[in-house]
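Residue strings, one per chain:
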Amino acid sequence: MKKITIAIILLTLLFTNLSCNVKKNDDKPKDQEHTFFTTLYLIGDSTMADYISYYDSKEDYIKKKYPITGWGQVFQQFMQSDSLLKLRNIIKNDSVYVDNRARGGRSTRSFFQEGRWRSVYQSLKKDDIVMMQFGHNDASSNKIDRYVDIKGYKEFLRLFVNQTRDKGAIPIILTPVAINKSWQDGILGDVHGEYGKAPKDVAKELDVMLIDLNKKSKDFFTKTGKEYVTQKYFMNLPPDTYEAYPDGLSDNTHFQSEGATEVAKLVYIGLQELNITSN
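It should be emphasised that the depicted structure is a prediction, and the values quoted were computed from it without experimental measurement. (Residues numbered from 1 in each chain as written. Predicted model: local features only at pLDDT ≥ 70, side-chain atom pairs only at ≥ 80, totals over all residues. Heavy atoms only, no water.)

1. Some words on the sheet that holds strand E7 (residues 209-211)
- An order of E2-E1-E3-E4-E7 is seen for the 5 strands of this open sheet, with the pairing classed as parallel. Whereas interior strands pair on both sides, the edge strands pair on one side only; in this sheet they are strand E2 (95-100) and E7. Ignoring strand direction, the axes of neighbouring strands in this sheet form an average angle of 25 degrees.
- Relative to strand E3 (residues 129-133), strand E1 (residues 37-44) runs parallel, the two being bridged by 5 bridges. From the neighbouring strand, leucine 40 faces E3, where its bridge partner is isoleucine 129. (Pairing = 2+ DSSP bridges. Helix = DSSP H or I, 4+ residues; strand = E, 2+ residues; numbered from the N terminus. Axes fitted to C-alpha atoms, helices over the stretch in contact; angles between N-to-C directions.)

2. Notes on the side chain of arginine 146
- Among the secondary structure elements, arginine 146 is positioned in the loop between E3 and helix H6 (150-166).
- Owing to a relative accessible area of 16%, arginine 146 belongs among the buried residues under this scheme.
- Excluding residues that lie within four positions of it along the chain, arginine 146 makes contacts with Gly105, Ser107, Arg109, Asn137, Asp138 and Ser140. (Buried < 20%, exposed > 50% of the residue type's maximum accessible area, 1.4 Å probe, protein only. Contact = heavy atoms within 4.5 Å.)

3. Considerations on the packing of aromatic side chains
- By the definition in use, this model includes 17 aromatic pairs.
- With a centroid separation of 5.9 Å and an interplanar angle of 80 degrees, the aromatic rings of tyrosine 61 and tyrosine 66 are classed as edge-to-face.
- Its relative accessible area of 16% is what places tyrosine 61 among the buried residues.
- Seen in terms of ring centroids, phenylalanine 111 and phenylalanine 134 are 5.5 Å apart; in terms of plane orientation they differ by 70 degrees. Their pairing is edge-to-face. Separated by 23 residues along the polypeptide, phenylalanine 111 in helix H4 (residues 108-113) and phenylalanine 134 in the loop between E3 and H6 bring together distant segments of the chain.
- By relative accessible area, which is 0% here, phenylalanine 111 ends up buried.
- The buried category is assigned to phenylalanine 134, whose relative accessible area is 1%.
- Above the face of the tyrosine 121 ring, lysine 167 is positioned so that its terminal group lies 4.4 Å from the ring centre. (Phe/Tyr/Trp six-rings, centres within 6.5 Å; stacked < 30°, edge-to-face > 60°. Lys NZ or Arg CZ within 6 Å of the ring centre and 35° of its normal.)

4. Quick look at the pairing of E1
- Summarising burial for E1: 8 of the 8 residues are buried, a large majority.
- Here E1 shows two buried faces, one formed by Phe37, Thr39, Tyr41 and Ile43 and the other by Thr38, Leu40, Leu42 and Gly44.
- Here E1 runs beside E2; their pairing, made up of 6 bridges, is parallel. When the bridges of E2 are listed, phenylalanine 37 appears paired with serine 95.

5. Overview of helix H8 (residues 213-224)
- Between the first and last C-alpha of H8 there are 16 Å, a value that for 12 residues agrees with the 16 Å anticipated at 1.5 Å per step.
- Just downstream of H8 lies glycine 225, where phi reads positive at about 110 degrees. (Expected span 1.5 Å × (residues − 1).)

6. Considering the environment of valine 161
- For valine 161, the position within the fold is in helix H6.
- Expressed as a C-alpha distance, the spacing of valine 161 and leucine 206, which sit 45 residues apart in the sequence, is 8.3 Å.

7. What to know about the pairing of E3
- Most of E3 is tucked away: 5 of the 5 residues are buried.
- Residue alternation in E3 divides its side chains into two sets, Ile129, Met131 and Gln133 and Val130 and Met132, and both sets are buried.
- Pairing analysis gives 5 bridges linking E3 to strand E4 (residues 170-174), with the strands arranged parallel. Its bridge partner being in E4, methionine 131 is matched across the sheet by isoleucine 172.
- Traced from E3 through H6 to E4, the parallel crossover comes out right-handed. (Right-handed = clockwise from strand over helix to strand, strands pointing away.)

Given below as structure tokens:
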């Protein structure tokens, strides 16, 4: 992708004037603006997305989507009062609302260009948190609507980080979650390459908190075992089992509910680890 840096600069200059047709989340608690309330925004792709709230509301989730589940869809349960006690260096308020803006098929570039980031940016307040997990779609070189090269991928991550900080909010970068491919001798391999390394580079450069979800999920899936992970965590479904997939499905990128919950738990563990090292 040529002249990506110049393009991003121009997009940034136009940022405040861009029109945004993205629907805002109407389910936020009315007391969100109270000082004791923190909003934790999730921005990213389909592995993080909420398939109940953010997809076509006319569709019945059970009939059209289930059991596909993004890890962000089940993350609110890890933000209860007892769990927050272990995150006091990062989240100082008494309550957290998880506002999941992730959407399937989005890269850092398309998330920005569609106005989705602008919608988050306008809502940010001091001490809110933005957790960003991209990479799956950024690397899709055969899909021009979402692909962005490594240089551009880093630039958009920098933009999200810097503008989050401009609002007094807290950015946290995540490496892309593992894909259930490239097993060898019982060990799950890494398929993300430079797109898994780039978030680490940006986090180090800008001194941003990082959760290496790629490594955490690879290690956890390896420990759990290929057969169980394939059948229970990912969307590998036998025929005539789920209404939404009468012919079955073979999908080693997206999660069933059990897999999504385990990944969400890994993210929460990552936050606990960051909490220990944070001042």
